[in-house]
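# Results of the structural survey
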Amino acid sequence: MNKTEIAAVLTEIGTLLELKGENPFKIRAYQAGARIVETLPEEELKQRSAAGTLEEVKGIGEALAQKITELQTTGRLEFFEKLKASVPAGLGEILQIPGMGAKKTRALQEKLGIDTIAKLRAACAANQVAALDGFGEKTQEKILAGIRNREAYGKRHLWQDAWDAAAPILAGLKKLPGVKQVEACGSMRRRLETVGDLDFLVATTEPAPIVEWFVTQGGVKEVTARGESKASVRLESGLQADLRLVPPEQFVFTLHHLTGSKDHNVQMRQRALARGLSMSEWGLFPADQKHGPSAEKPEGGARKTDIKTEEQLFKKLGLAFVPPELREGLGEIEAAEQDALPQLVEAADIRGVFHNHTTASDGHNTLEEMTAAAQALGLEYLGIADHSKSSVQARGLTEERLGAQIAEIKALNASGKFKTHVFTGTECDILPDGKLDFDAGVLGQLDYTVVSVHSSFRQEREVMTKRIIRALEQPHVTMLGHLTGRLLLEREGYEVDVDKVIDAALANGVIIELNASPWRLDLDWRHWRKAAERGLLCSINPDAHSTAGLAHFRTGVGAARKGWLTKEHILNTRPLAQVKKWLAAKRKGA
Ligand code: DGT
Ligand code: CA
Ligand code: CA
Ligand code: ZN
């Protein structure tokens, strides 16, 4: 196990002990242990664990050292397995409802015997929860809303999770004999931020063994449908996956159909009809001809075999190729007709990434580890932006600690240890009144400043809008972080007038980030086309809290493509020298 995984186990042990009402000192020892493990360089952890010298690290006692070593060497921990088995799984689910902590969860179990979500819902409905000490009407309402959200959101999945589930299935299908072509279609291919189900499409003349592989592969929990040329399964993660199998000459038509979106498909069909053609998943035929699964082989007209690629399919209808990300029925067909589609940004265009955290605040990896990872990704520059002092829970930096970090980064750059240049920065809190957490003198020492809202989420729309605009008007502000604060499938963004904030960003020459974290993708792609047309500059920021998180810029590129963005719209597609110049000019104007 690596240190991030070990730290996660220690944190979970702390939570489980809390749920059991154990001694607070013991609980704190595990929480602190997790933190210490994270701040140790990976190599040191390995060496100390092998040499038995973990106890020399401040804050790690004998019991903790033994557990870390067991996790490090075997990847398992018996103590943890037993502990997990002794706590009802429903308590863990209750704990995930926003506003529920271990204390409240335990109180519900002790006083009302609640250990599942279903029991909790019933108790709320019977007004029993509101009557408990420390709960009340408001808390009960919030819990009920949390349960409702959970049910609504439970039906969809983050794009990233869907992709992680789809990638091995795609690879497995590709390797099977008789598979001529394969693609994951639907919202996954369109890179929608959340995905309802997976839609795999295979071109083959021999579907039976492929269906057999699909329904018996590892990770399948349940086979929900099975036919000669289609199958559906539910995966362990809860995701539903559909498989369609078609003869090779039909592939391109079904590919286009299954990619969607519905709105795009409807518009394409209308366009085909206006040209005397009928378009469907089966092919493109003269409109007066019968076709489909029950029809005889269609004759004449646009024969299926004339068209083998989506480029050719679009061309047949007088259109330029529309990238899947744009197929939302939002004007892409009109633009394709005029050959006016944008040259969309690609992952390979990204030269560096801003807004990343280290162990100095709430990140899981050290500055050097983050820099090494950025270099391994081929990035020319890495922008660090740890939290500021008011974000206490995220261990935000004081002015003094920030000063030390600036010195550390400058020394690292000067050492020439890495090819990747590191920019000094901060993710500075926008305080409830719109003032910034650091004054101009402090911000003036940094290469760049991201400003974000991390508190008082429930302000009135007008108050929140004014608050953010006030922040954007301060000198030294380079970019606005996660504009709405939404967490996909978890919580809505705060009430804010996005258009007014965009106006203010434009007026003040401030960048708005496209936060590329798979949980955020904020600002949403639906705003970007118009904003970019007005001249707003974007930065695709992974908001990485670990080395693995850096690669999330690719997920952000997907969202940027959905927002019709080209590389010209995005700061971090520019080479290092140009970015340095841009940031310097911005500082000078401050
Ligand atoms: P999802 O799964 O909810 O995230 O969204 P999609 O877009 O993947 O939708 P899904 O899985 O229901 O169907 C895949 C594609 O098949 C969809 O994007 C377009 C096409 N499709 C499905 N049903 C219809 C329909 O009733 N009419 C048309 N025109 N196309 C459809
Ligand atoms: Ca789907
Ligand atoms: Ca589907
Ligand atoms: Zn943030």
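Residues numbered from 1 in each chain as written. Chains lettered and ligands numbered in written order. Predicted model: local features only at pLDDT ≥ 70, side-chain atom pairs only at ≥ 80, totals over all residues. Heavy atoms only, no water.

### Here's the deal with the coordination of the calcium ion (ligand 2)
Taken together, D197 (O), D197 (OD) and D199 (OD) make up the protein donors of the calcium ion (ligand 2), found 2.2 to 2.6 Å from the metal. Angles of 69 to 168 degrees at the metal separate the six donor atoms of the calcium ion (ligand 2), which places the site in the irregular class. In this structure, the calcium ion (ligand 2) is positioned 3.8 Å from the calcium ion (ligand 3), and both are ligated by D197. By relative accessible area, which is 24% here, D197 ends up partly exposed. The class of D199 is buried, set by a relative accessible area of 14%. (Donors = N, O, S within 2.8 Å, 3.2 Å for Na, K, Ca; no water. Tetrahedral: all angles 85-135°; square planar, octahedral: opposite > 155°, others 65-115°. Buried < 20%, exposed > 50% of the residue type's maximum accessible area, 1.4 Å probe, protein only.)

### Side note on the nonpolar core
Judged by nonpolar contacts, the single largest core of 63 residues is most densely connected at I468, L472, L480, I512, W528 and I540. Apart from the residues lying within four places of it in its own chain, the contact partners of I468 are V453, L480, L483, Y494, V496 and V501. One finds L40, L54, L64 and L108 within the second-largest nonpolar core, a separate group that totals 45 residues. (Core = buried A, V, L, I, M, F, W, Y, C linked by side-chain atoms within 4.5 Å. Contact = heavy atoms within 4.5 Å.)

### Some details on the pattern of salt bridges
In this structure the tally under the stated criterion is 29 salt bridges. Residues D433 and K435 are paired through a salt bridge, measuring 3.8 Å at the closest nitrogen-oxygen approach. For K435, a relative accessible area of 45% gives the class partly exposed. Between R526 and D524 there is a salt bridge; the shortest N-O distance is 2.9 Å. Within this structure, E193, R486, D524 and R526 form a network of salt bridges that share partners. (Salt bridge = Lys/Arg side-chain N within 4 Å of Asp/Glu carboxyl O.)

### Details of the domain arrangement of the protein chain
What the domain assignment lists for the protein chain is domain 1 (3–153), domain 2 (155–246), domain 3 (257–297 + 305–341) and domain 4 (347–589). Put simply, the middle of domain 3 and the middle of domain 4, counted by C-alpha atoms, are 40 Å apart. Each side of the interface is counted separately: domain 3 has nine residues, and domain 4 has six residues. Both sides together, the interface formed by domain 3 and domain 4 hides about 610 Å², and carbon and sulfur atoms give 59% of it. When residues of domain 3 are sorted by the area they lose upon contact with domain 4, E325, L326 and L330 head the list and together hold 68% of the total. Counting across the interface, domain 3 meets domain 4 through two salt bridges. The interface formed by domain 3 and domain 4 includes four residue pairs in polar contact (both at pLDDT 80 or more). (Domains from an automatic or database assignment. Buried area = accessible area lost by both parts, 1.4 Å probe. Polar contact = N/O pair within 3.5 Å; in protein donor to acceptor, adjacent residues only side chain to side chain.)

### Comments concerning helix α22 (residues 525–533)
Of the residues making up α22, those classed as buried are W525, W528, A531 and A532. The buried residues of α22 occupy one face: seen down the axis, they fall within an arc of 110 degrees. Those residues of α22 that are exposed and angled more than 90 degrees off the buried face are K530 and E533. Residues of α22 that are buried make contact with α21 (498–508), β17 (511–515), β18 (538–541) and α23 (553–562). Backbone nitrogen of R526 and a side-chain oxygen of the N-cap are separated by 2.7 Å at the start of α22; the cap is D524. Phi turns positive, to about 105 degrees, at G535, one or two residues after α22. (Helix = DSSP H or I, 4+ residues; strand = E, 2+ residues; numbered from the N terminus. Arc of directions from axis to C-beta.)

### Focus: the environment of E43
In this fold, E43 is placed in helix α3 (residues 42–51). Given a relative accessible area of 48%, E43 falls into the partly exposed group. In this structure the C-alpha to C-alpha distance between E43 and A122, which are 79 residues apart in sequence, comes to 50 Å.

### Observations regarding the site of ligand 1
Lining the immediate surroundings of ligand 1 are 15 residues, of which R156, S187, R190, G196 and D197 lie closest. Here an oxygen atom of ligand 1 and a side-chain polar atom of R156 are 2.8 Å apart. In the environment of ligand 1, an oxygen atom lies 2.7 Å from a nitrogen or oxygen atom belonging to the backbone of G196. Across the complex, the protein chains shield 69% of the 590 Å² of accessible surface that ligand 1 would expose by itself. Mapped onto the shell around ligand 1, the elements with two or more residues apiece are α11 (186–190), α13 (251–259) and α14 (262–274). Split into classes, the residues belonging to the shell around ligand 1 amount to two nonpolar, eight polar and five charged. In terms of domain composition, the shell around ligand 1 takes at least three residues from each of domain 2 (155–246) and domain 3 (257–297 + 305–341). (Near = heavy atom within 4 Å. Areas by Shrake-Rupley, 256 points an atom, 1.4 Å probe, with all protein chains shown as cover. Nonpolar A, V, L, I, M, F, W, Y, C, P; charged D, E, K, R; others polar.)

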